[in-house]
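Fold and geometry: a report
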Amino acid sequence: MASVQDTTSSKGIQGSRRRGIALHAVLVIGLLLSAFPFYWAIIMSTHTSTEIFSYPPKLLPGSHFLQNVRSLFDNIDFFGSMFNSLLVASAVTFLVLFFDSLAAFVFAKFEFPGRRALFVLLMAIFMVPTQMAIIPQFVIMSKIGWIGSMTALIVPAAANAFGIFWMRQYMKSAIHDELLDASRIDGAHFLRQYWHVALPVVRPGLAFLGIFTFMGQWNDYAWPLIALTNPDNVTLQVALSQLNGVHGTTDYGMVMTGALLALIPLLIVFAVGAKQIIGDLGKGAIK
């Protein structure tokens, strides 16, 4: 009887190992497939256009990276446009985190007349494509006199329906009513409840929203192209688009070098934000 049980246990352990090995193999394949575009971008940034389109394709780094970097800096104001993108993306991210989390806190934890109607209106706005708002948004910015300035990029994006919806759903489950009741007994007013009770609990949700917002603003192309009328004062994505067709031809090595360098801030923000999410998942507001 004991030998039968030992055999069954051994088979179970072997089956679990096989499933574990198969799972890890699938994850490794997925990792390689996800990382290949980044690797290919690095490879193309080290070659000339002729080498990029050669057959068979070159899978190892070349020797033209520094030359592509020099060509990139000669054709566009790379650091100036990168500063503009950093300014816009950072300002919008900060404003979105503040306004969206504040509105979500009210929607999630407070009763007031018209709350459901306002939330339905918010969801209706959420479903409207952003492209439909470009023309009226341009008209409004033109009448205010903000066309051509960074303000036209920052203020319209200071709050959005997705962020409010995301933070509301997160706060409903993460912030317990007993915690707010205890803070009220201690004499905490609304803003103190928001700042000292709600925000410490929802930091992982804020980290995700911050990453999502920063990446969206960093990669935004259509609205900056329309709103920034001065070609010498553009964001990085618009500046990189000017590399297409320089001198009648496109230097794809130079273009890929610019795209690769533009990824660096995104990778830094993602690494910091992901660390924040992982580090705060098990933390609460009570100390």
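Here, the structure is the one placed above.
A brief report on the enclosed structure follows. (Residues numbered from 1 in each chain as written. Predicted model: local features only at pLDDT ≥ 70, side-chain atom pairs only at ≥ 80, totals over all residues. Heavy atoms only, no water.)

With respect to the overall build of the protein
Along the backbone of the protein there are 14 helices and zero strands. Seen in sequence order, the protein has helices and strands lined up from the N terminus as α-α-α-α-α-α-α-α-α-α-α-α-α-α. For the C-alpha atoms alone, the extent of the protein along its principal axes is close to 80 × 70 × 35 Å. Across the 287 residues of the protein, 34% fall into the buried class. In the protein, once contacts between residues fewer than 6 apart in sequence are set aside, the share between residues at least 24 apart is 74%. Of the roughly 17500 Å² of accessible surface on the protein, 69% is carried by carbon and sulfur atoms. Averaging the locations of the 18 positively and 14 negatively charged side chains of the protein gives two centres separated by 10 Å. (Helix = DSSP H or I, 4+ residues; strand = E, 2+ residues; numbered from the N terminus. Buried < 20%, exposed > 50% of the residue type's maximum accessible area, 1.4 Å probe, protein only. Contact = heavy atoms within 4.5 Å. Areas by Shrake-Rupley, 256 points an atom, 1.4 Å probe, with all protein chains shown as cover. Lys, Arg positive; Asp, Glu negative; His and termini not counted. Charge placed at Lys NZ, Arg CZ, Asp CG, Glu CD.)

Topic: empty space enclosed by the protein
What the rule picks out here adds up to two cavities of 30 Å³ or more. Taken as a whole, the largest cavity holds about 60 Å³ of empty space. Residue lining of the largest cavity: S85, V88, L153, Q217, W218, D220, W223, P224 and T235, and that is the complete set. Of the residues in the lining of the largest cavity, the class split is five nonpolar, three polar and one charged. In this structure, the second largest cavity encloses a volume near 40 Å³. (1 Å grid on protein atoms, 1.4 Å probe; cavity = no way out; pocket = protein on both sides within 12 Å on 5 of 7 lines; lining within 4 Å. Points joined across faces, edges and corners; volume = space filled by probe spheres on them. Nonpolar A, V, L, I, M, F, W, Y, C, P; charged D, E, K, R; others polar.)

Here we look at the pattern of salt bridges
Scanning the entire structure with this criterion turns up three salt bridges. Linking K109 and D177 is a salt bridge whose minimum nitrogen-to-oxygen distance equals 3.2 Å. Note that K109 is positioned in helix 4 (residues 78-109) and D177 in helix 9 (residues 177-185), a separation of 68 residues in sequence. For D177, a relative accessible area of 44% corresponds to the partly exposed category. Its salt-bridge partner being D181, residue R184 comes within 2.8 Å of it at the nearest N-O pair. With a gap of three residues between them, R184 and D181 both fall in helix 9, about one helical turn apart. With relative accessibility at 38%, the residue D181 sits in the partly exposed group. (Salt bridge = Lys/Arg side-chain N within 4 Å of Asp/Glu carboxyl O.)

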